[in-house]
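Geometric and topological summary
Below are the chains, spelled out letter by letter.
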Amino acid sequence: MEGDDGLQDIQDDARSGNSDRPEEEMSVLAKPLWSPDSVPRMESELKGLIEYVRRKPKLSDANASFMRDSLRTMLIKCTREAELAFETESSIVESPSRSSSISGDDSKDENTAVEWYAVHNILETVFRYLSAKDLSVARGVSKDWNKCGSKPSLWRQLCLQQPWRSLQTDRALWNLIDPTLDVKDPDVWRKVYPTLARKKWWRCRLMKTNKFVCNLIVHQIDGESLGDNFPSTLTVERRFALMHLTLAMLPINSPLLYFEPETDEDKEGLEGFIQYLIRRDRAGLAIEQHRRYIFIPPCDYSRDRRYEGKSLLGGVQLSSAHGFQNNI
């Protein structure tokens, strides 16, 4: 681990004296021969980690995963060293307790807690590489595995891989997907995953005439299936008034789409396109593969479809559908 290697380097320098660091800094890093299971020993390890971070300002802009890994390794390492020291001391002194101030039962409880923490973190790391199917199987192994495999962070990761990145920022999307879900439920990511996994999605380039807008992820929320094929590019060449967009034009069983930007770089283009339609009180229209794709900004129609958010919805209609042409 990067954090552990760096921490080991500065601690080695402190022990050997081979360092150009200021004397007061070395006094913090130098490690006397404290007992492996002493408070000063743990304090020294923690100070070493903090000092390492302080000396590398760039780390303040990164996530704290390397610190968490270092702390986990530190706990496991110190616990093991303490156990070895205790076993050695017991074989010589034949003392049943680790120290005069801590009972054998308390020491056992401390070890059990640290071991449980370490095992669960190792399990969680392994579980992050599992598919949803395999993770569900792992949850059935034992109560501990079920608890670890039910962590929201694991299922959130699986949901975002579908990909449904907008679930992190668009609360109204949850109601569009499944109005029975409570977003405050700790298990909501696990509960919504089966629904997301069943829904079709595609990648698509959004264009206005001769002008690139953004790259999109297109999700089919409900309605008649569009099959496996979806245009790789949709070009909006026409617009029509939102007042003509009714459930009569796009019935409730019509395919309903949700558009989200493929990357953060595409957000500005999509948001600009939505504002472009809102300012003109219009819906956009693209015709591809004998289908009409309608781009719907927030309006009464989207609210009728249970969506109260600010993103872009879409409807799909066959080119031969009755009544559409006359309403444009």
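How each quantity is defined
Counting starts from 1 at the beginning of each chain's written sequence and moves along it residue by residue. Owing to the predicted nature of the model, reporting of local features is limited to residues with pLDDT of at least 70; listing and counting of side-chain atom pairs is limited to 80 or more, with chain, interface and lining totals taken over all residues. Hydrogens are left out, water is left out, and the side-chain values use all remaining heavy atoms of the structure. Per-residue confidence from the predictor is given as pLDDT, running between 0 and 100. Only heavy atoms enter the contact rule, under which two residues are in contact if any of them lie within 4.5 Å. Secondary structure elements are taken from DSSP: a helix is a run of H or I of four residues or more, a strand is a run of E of two residues or more, and numbering for both begins at the N terminus. Categorising residues by exposure relies on relative accessible area from a 1.4 Å probe, with only protein chains included: less than 20% of the type maximum marks a residue as buried, more than 50% marks it as exposed, and the intermediate range marks it as partly exposed. N or O atoms closer than or at 3.5 Å make up a polar contact, with two conditions inside protein: a donor-capable atom paired with an acceptor-capable one, and, for residues adjacent in sequence, both atoms drawn from side chains. The axes used here are C-alpha line fits, helices contributing only the stretch in contact, and every angle between their N-to-C directions lies in the interval 0 to 180 degrees. Orientation categories follow fixed angle ranges, with anything under 35 degrees roughly parallel, anything over 145 roughly antiparallel, 65 to 115 roughly perpendicular, and all other angles oblique. Working rule for handedness: look at the near helix, and if it is turned counterclockwise from the far one by less than a right angle, call the crossing left-handed; if clockwise, right-handed. Note that Gly is not counted as nonpolar here; it falls among the polar residues with everything else outside the nonpolar set of Ala, Val, Leu, Ile, Met, Phe, Trp, Tyr, Cys and Pro and the charged set of Asp, Glu, Lys and Arg. Note on patches: the residues involved have over 30% relative accessible area and no salt bridge, like charges join within 9 Å, and the nonpolar side chains Val, Leu, Ile, Met, Phe, Trp and Tyr join within 5 Å. The accessible surface values rely on the Shrake-Rupley method and a 1.4 Å probe; as for residues, cover is taken only from the protein chains in view. Salt bridge, as used here, is a side-chain nitrogen of Lys or Arg placed within 4 Å of a carboxyl oxygen of Asp or Glu. Here the rule is simple: two strands pair whenever DSSP picks up at least two bridges between them. The aromatic pairing rule takes the rings of Phe, Tyr and Trp, using the six-membered ring of Trp, and pairs them if the centres are within 6.5 Å, calling planes under 30 degrees apart stacked, those over 60 edge-to-face and the rest tilted.

1. Notes on the confidence of the model for the chain
Low pLDDT marks regions whose predicted coordinates should not be analysed in detail. Averaged over all residues, the pLDDT of the chain is 80; the fraction at 70 or higher stands at 75%. For the stretch residues 13-32, pLDDT sits under 50, and the model shows 25 contacts to residues farther than four places along the chain or on other chains.

2. What to know about the environment of Pro298
Turning to its location among the elements, Pro298 is positioned in the loop between strand E7 (291-296) and helix H12 (300-304). Residues Pro298 and Gly309 lie 11 residues apart in sequence; the distance between their C-alpha atoms is 7.0 Å. Look past the residues within four positions of Pro298 in its chain and what remains in contact with it is Ile274, Ile278, Gly309, Lys310 and Ser311.

3. Details of the side chain of Gln162
Of note, Gln162 is situated in the loop between helix H8 (152-160) and helix H9 (171-177). On the accessibility criterion, Gln162 (16% relative accessible area) is buried. Looking at Gln162, its side chain comes within polar contact range of the side chain of Tyr193, at 3.2 Å. Excluding anything up to four places from it in sequence, Gln162 contacts Tyr193, Leu196, Ala197 and Trp201.

4. A few points about the packing of H8 against helix H10 (residues 188-198)
Geometry of a packed helix pair, given as the angle between the helix axes and the separation of the axes. As a packed pair, H8 and H10 sit with axes 9 Å apart at the nearest point and diverge in direction by 25°. What the angle tells us is that H8 and H10 run roughly parallel. Between H8 and H10 lies a crossing whose hand is left-handed. For the pair H8 and H10, the contacting residues are Pro152, Trp155, Arg156, Leu158, Cys159 and Leu160 in the first and Trp189, Arg190, Val192, Tyr193 and Leu196 in the second. Here the residues of the contact of H8 with H10 are counted per class, giving nine nonpolar, no polar and two charged.

5. A closer look at a nonpolar patch on the surface
A cluster of nonpolar residues, Leu46, Ile50 and Leu71, forms a patch on the protein surface that exposes about 250 Å² of accessible area. With respect to the helices and strands, Ile50 occurs in helix H3 (residues 39-54).

6. Section: the packing of helix H6 (residues 132-139) against H8
Where H6 meets H8, the closest approach of the two axes is 11 Å, and the angle between their N-to-C directions is 160°. One element, H6, and the other, H8, form an angle in the roughly antiparallel class. Crossing hand, H6 versus H8: left-handed. Here Ala132, Leu135, Ser136 and Arg139 of H6 come into contact with H8, specifically with Leu154, Trp155 and Leu158.

7. Observations regarding the pairing of strand E8 (residues 312-318)
Of all seven residues making up E8, six are buried, and the element is well covered by its neighbours. Examined bridge by bridge, E7 and E8 share six bridges and lie antiparallel to one another. The partner of Tyr293 across the bridge, within E8, is Val316.

8. What about the sheet that holds E7?
Reading across the sheet, the eight strands line up as E3-E1-E2-E5-E8-E7-E6-E4 and stay open at both edges, with mixed pairing between neighbours. Two strands bound the open sheet, and with one partner strand each, they are strand E3 (233-236) and strand E4 (238-241). Looking at each pair of strands side by side, their axes are set apart by 35° on average, direction ignored. Two elements, strand E6 (residues 282-288) and E7, share five bridges in a ladder whose sense is antiparallel. Opposite Ala286, over in E7, you have Tyr293 as the bridge partner. Strands strand E1 (201-208), strand E2 (211-222), E3, E4, strand E5 (256-261), E6, E7 and E8 of the sheet are contacted by helix H11 (residues 267-280), whose axis makes an angle of about 85° with E2.

9. Re the environment of Phe127
With respect to the element layout, Phe127 can be found in helix H5 (residues 104-127). The spatial distance from the C-alpha of Phe127 to the C-alpha of Trp145 is 9.7 Å, given a sequence separation of 18 residues. Here Phe127 is in contact with Leu135, Ala138, Trp145, Cys148, Gly149 and Leu154, once residues within four sequence places are set aside.

10. Describing the packing of aromatic side chains
Under the defined criterion, the tally for this structure stands at nine aromatic pairs. On the numbers, 4.8 Å between centres and 20° between planes, the contact of Trp202 with Phe230 is stacked. Of this pair, Trp202 sits in strand E1 while Phe230 is found in the loop between E2 and E3, placing the two residues 28 residues apart along the sequence. Note on Trp202: relative accessible area 9%, which makes it buried. Judged by centre distance (6.0 Å) and plane angle (80°), the rings of Tyr258 and Tyr307 are edge-to-face.

11. Side note on unusual backbone geometry
Note the cis peptide between Gln162 and Pro163, where omega equals 0°. Topologically, Pro163 is positioned in the loop between H8 and H9. Even without a glycine there, the phi angle at Asp281 is positive, about 55°. Here Asp281 lies in the loop between H11 and E6. Phi is positive for Arg306, which is not a glycine, with a value near 75°.

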